Each structure stands twice: as structure tokens, then as C-alpha cells.
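# Breakdown of the fold
So you can see what is in the structure, the chains are spelled out below.
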Amino acid sequence: MPYNMRSSSSCVSVLLIVSLMLLSLSADAYKNYTVGGSTGWFDIQEKPSANYQKWADSKTFSLGDFLIFNTDSNHSVVQTYDFKTYKECNYNNGEDNSTTEWSAANPSATSPVPVSVSVPLVKEGPNYFFSGNYDGEQCKFGQHFMINVTHGQGLPSPDKDDETAPGPGQSSQSGDDDEVAPDTIVPANFDHPKDIESDDDDSLVKGSKSSSSITKYNLLCLVLMGFLASFF
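Residues numbered from 1 in each chain as written. Predicted model: local features only at pLDDT ≥ 70, side-chain atom pairs only at ≥ 80, totals over all residues. Heavy atoms only, no water.

## Structural notes on the nonpolar core
- Ranked by internal contacts, the top residues of the largest apolar core, which has 23 residues, are Leu 67, Phe 69, Phe 145 and Ile 147.
- Non-local contacts of Phe 69, meaning those with residues more than four positions away in its chain, are made with Val 35, Trp 41, Val 77, Val 115, Ser 116, Val 117, Val 119, Phe 129 and Phe 145.
- Within the second largest apolar cluster, 6 residues are counted, among which are Val 78, Tyr 86, Cys 89 and Tyr 128. (Core = buried A, V, L, I, M, F, W, Y, C linked by side-chain atoms within 4.5 Å. Buried < 20%, exposed > 50% of the residue type's maximum accessible area, 1.4 Å probe, protein only. Contact = heavy atoms within 4.5 Å.)

## Topic: the packing of aromatic side chains
- Enumeration over the complete set of coordinates arrives at 13 aromatic pairs.
- Centroid distance Trp 41 to Phe 145: 5.8 Å. Interplanar angle 85°. Geometry classified as edge-to-face. Of the two residues, Trp 41 sits in the loop between β1 (30-34) and α2 (52-57) while Phe 145 sits in strand β8 (residues 144-150), which places them 104 residues apart along the sequence.
- Residue classification places Phe 145 among the buried positions, given a relative accessible area of 0%.
- Ring geometry for Trp 55 versus Phe 145: centroids 5.9 Å apart, planes at 80°, classification edge-to-face. Of the two residues, Trp 55 is situated in helix α2 and Phe 145 in strand β8; the sequence distance between them amounts to 90 residues. The same class applies to Trp 55 and to Phe 145, which are both buried.
- Its end group placed over the ring of Phe 42, Lys 47 keeps NZ or CZ at 5.7 Å from the ring centre. (Phe/Tyr/Trp six-rings, centres within 6.5 Å; stacked < 30°, edge-to-face > 60°. Helix = DSSP H or I, 4+ residues; strand = E, 2+ residues; numbered from the N terminus. Lys NZ or Arg CZ within 6 Å of the ring centre and 35° of its normal.)

## Notes on the confidence of the model for the chain
- When pLDDT is averaged along the chain, the result is 73; 53% of the residues meet or exceed 70.
- Confidence drops under a pLDDT of 50 for residues 160-185, and excluding neighbours within four residues, the segment shows 62 contacts in the predicted structure.
- In this model, residues 201-214 is a region of pLDDT below 50 whose contacts with residues beyond four sequence positions or in other chains number 6 contacts. (pLDDT = per-residue confidence, 0-100.)

In C-alpha cells, the structure reads:
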């Protein structure tokens, strides 16, 4: 085989390998989302600028991500797959174990203490969140939002020989009675993902993404230069 043909074949092989590497680097990592950003998780009586639905609408959520609620002991964190429960802002109306109270408020406390609650996203489809105490008053004062969870890269795989367990709630009902989110089998050892990209500081995230893009661009340029050099 002539030298130029062998060289071109080698460059093509290298190009394919690097392309596969770039594709693997571009895979989305599991993410932490701090609900409300620096505002935290409070009703508009305490934080007039809070708009959780607007915050949620600017994000993309997938299985395996976490929502981090930074709040205090005077506010609760409720997750439900039942639209009726969400609309009524009433945790006690949760049906068929479709609702989970991750953190309960403590109205009897003389002074609220800081609370941070991590909630894993383990079911695809509509997920609803609100603060359910004080007869739904906090929820009605803006402390609520809904998100749509996509499959993404799926939940972390369970370790060998580990059992599996269902996520919170077996019934996942959305606003339409005919639409039911699928049940998801969750690894029993499911915990905080190790490979995480946080949205706490948007500038840092953008900087990281920019740096990653530049690195990929440089690698691709080097491969193309090598490929072109093989013809001369």
C-alpha cells in the first residue's frame, strides 16, 4: 500500500476515535438545581421576588438530577405526582402514595432554623412541588411550581447484587386523568450523584461549558490539521 494511502487511513482512524471521545465528553452530567437560586425556598410574604415557576421554566430536568431546597423549619417541602393535590395545596389529600413530604414545617418552634433538603428526581413526567403547611397558605402565596422530568441518561445503575426499590410514590398521576407518568425502578443504593453540575453560580457553569467547548474545538482542529498534512 502506498505511503500516502496508509497515512490517510491512519488519520481517518484517529479522527473517528477522537470524534467518539468528544461525543462521550459531551454527555450530560447529573445536575443539582438549587430551587429559586439565591432566593431560597420561601413564600412571597417573606421573599416578594420569589417566582418559582419562572425559575423552573428556565431549566431542563432529567432523571437522576437533584433539587436542593434551601429554606427553614417554618416551611415544608412536598413533592407530588397528583395534579389535584398540587392545585389544592393540600398534602393530606395525596392519593395512592403519590405524594411525599420530604421536610415538614415546625410551627411550634420559637425561631426557625435553616434547613436544606435534597430531593431526587426519580420519575419521568410531571412533578409538582409545594409547601403544604398552614392550610396551604404558603403554597397559595407563591411557594409552588411544577416541572417536567425527561429520561436524560436515566437513573444511576445499581451496584451488582444490590436490590432495587421504587421511588417515592407508586401512582404518578398528572393533571389529565388519562396521562400517567411511568413508574421507575430506583436502585436501592441511589444517593447523591457523584458526577454533578450545579446551577448555583451561572457564571461558573457558563465558564465551565465555554472551556469545555474550547478544548473540544482545539482537539478537532488538531485532528483536521493532521488529516490535511497527510496529503502533502
